[in-house]
Amino acid sequence: MSTGWVTGNLYRLCDWFYRLAFLNLLWIAFTLAGFILFGIFPSTTAVFTVIRKWLRGEKDVPLVRTFLQAYRKEFFHSNRLGILFGLAACILYVDLKFVQTLQGVALISLTSIFILMIIMFVFTLIYILPVYVHYEMRTLLYIRQAFFIAIVNPFQTILLVLASVLSFYVTMMLSGLFLFFGISGISLLIMWYSLRIFRYMDWEMKKHLASES
C-alpha cells in the first residue's frame, strides 16, 4: 500500500469532516436566525441541498453561497412543509392524550392504530427533505412521494430510521460532537440512502417505459 494512496484518502476524509463541520455550524447559525421555529426547516433544507450536490459529484460548489441561496429560495416553501408536519405532530399528540383516557378493548384497538400513524409519520418525515430537494412538485405531492417511498421500502426505511436515531444519540452523548456533526452527519446518511432509492426508482420507471414501447 503506497504512502500516496494513504495520504490521498486521509486528505479526502479530513476534507469531508471539515465540510460537514462547517455546514453544521451554518445550520445552527441560520436556525437561530429564524428564531428556531422558522429557521429549522429552511436551514435543514439548505443542508440537504448542499449534501445532495456533493453526493452527485459537485464537490467544488461554494458551500456558503449554495447554503444561503437554498435558505433564501426555500424559506417560505420549506416552512410551509414544516407547518404541515408541525400540525400533524400536534394532532398526533392530541390523539395520544385522548387514547390515554380510554380503557379496555377501545384502548388496545386505538393504541394499535395510533402506533401505526406514528410510524407512518416518522417514515414520511425522514424522506420529505430528500424528496423536496431532489424533485420539483407541489407541496402535497412531496408528502405523497415521501410516503410512497417509505411504504415501498419498509425494511430499508426501518434501518435508516434506526441508523439516524443511533447517529443522533452518539453525537449527543459525545461532548461537542453534535455542534459539528449532529445534523450534517445525519443528513449525509439520509441523503446518501435516499439517492440510492431515487436512482433505483428512475431505473425501474425507464425499464417499465421501455417494455411498453
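A short tour of the structure in this document, coming up. The shown structure was predicted, so the numbers you read here are calculated from the model rather than taken from an experiment.

**Digging into the overall build of the protein**
Helices and strands together make up the secondary structure of the protein, namely eight helices and zero strands. In terms of principal-axis extent, the alpha carbons of the protein reach across some 70 × 55 × 40 Å. Taken over 213 residues, the protein has a buried fraction of 37%. Partitioning the contacts of the protein with sequence separation of at least 6, the portion at a separation of at least 24 is 72%.

**So, helix 2 (residues 40-55)**
In an α-helix, one turn spans 3.6 residues; hence positions three or four apart end up facing the same way. Over its 16 residues, helix 2 runs 22 Å from end to end, which matches the ideal 22 Å to within 8%, given 1.5 Å per residue. In terms of burial, helix 2 is largely enclosed, as 13 of its 16 residues are buried.

**Brief notes about unusual backbone geometry**
Notably, phenylalanine 35 is not glycine yet its phi reads approximately 55°, a positive angle. Relative to the elements of secondary structure, phenylalanine 35 occurs in the loop between helix 1 (3-33) and helix 2. Relative accessible area serves as the criterion here: at 71%, phenylalanine 35 is assigned to the exposed category. Residue isoleucine 36 is not a glycine yet carries a positive backbone phi of 65°. Along the polypeptide, isoleucine 36 turns up in the loop between helix 1 and helix 2.

**Describing the packing of helix 4 (residues 75-99) against helix 6 (residues 139-152)**
Where helix 4 meets helix 6, the axes come as close as 10 Å, and the angle between the chain directions of the two elements is 60°. Classed by the angle they form, the pair helix 4 and helix 6 counts as oblique. Here helix 4 and helix 6 pass one another in a crossing that is right-handed. Contacts from Arg80, Leu81, Leu84 and Phe85 of helix 4 reach helix 6 at Thr139, Leu140 and Ile143.

**Some remarks on the packing of aromatic side chains**
In total, this model carries 13 aromatic pairs according to the counting rule given. An aromatic cluster is built from Phe30, Phe67, Tyr71, Phe75 and Phe76, whose rings are joined through pairwise contacts. The side chain of arginine 19 reaches across the aromatic face of tryptophan 16, ending 4.5 Å from its centre. One residue, arginine 19, lies across the ring of tryptophan 54, its end atom 4.6 Å from the ring centre.

Calculation rules
Residues numbered from 1 in each chain as written. Predicted model: local features only at pLDDT ≥ 70, side-chain atom pairs only at ≥ 80, totals over all residues. Heavy atoms only, no water. Helix = DSSP H or I, 4+ residues; strand = E, 2+ residues; numbered from the N terminus. Buried < 20%, exposed > 50% of the residue type's maximum accessible area, 1.4 Å probe, protein only. Contact = heavy atoms within 4.5 Å. Expected span 1.5 Å × (residues − 1). Axes fitted to C-alpha atoms, helices over the stretch in contact; angles between N-to-C directions. Parallel < 35°, antiparallel > 145°, perpendicular 65-115°, else oblique. Left-handed = near helix turned anticlockwise from the far one by under 90°. Phe/Tyr/Trp six-rings, centres within 6.5 Å; stacked < 30°, edge-to-face > 60°. Lys NZ or Arg CZ within 6 Å of the ring centre and 35° of its normal.

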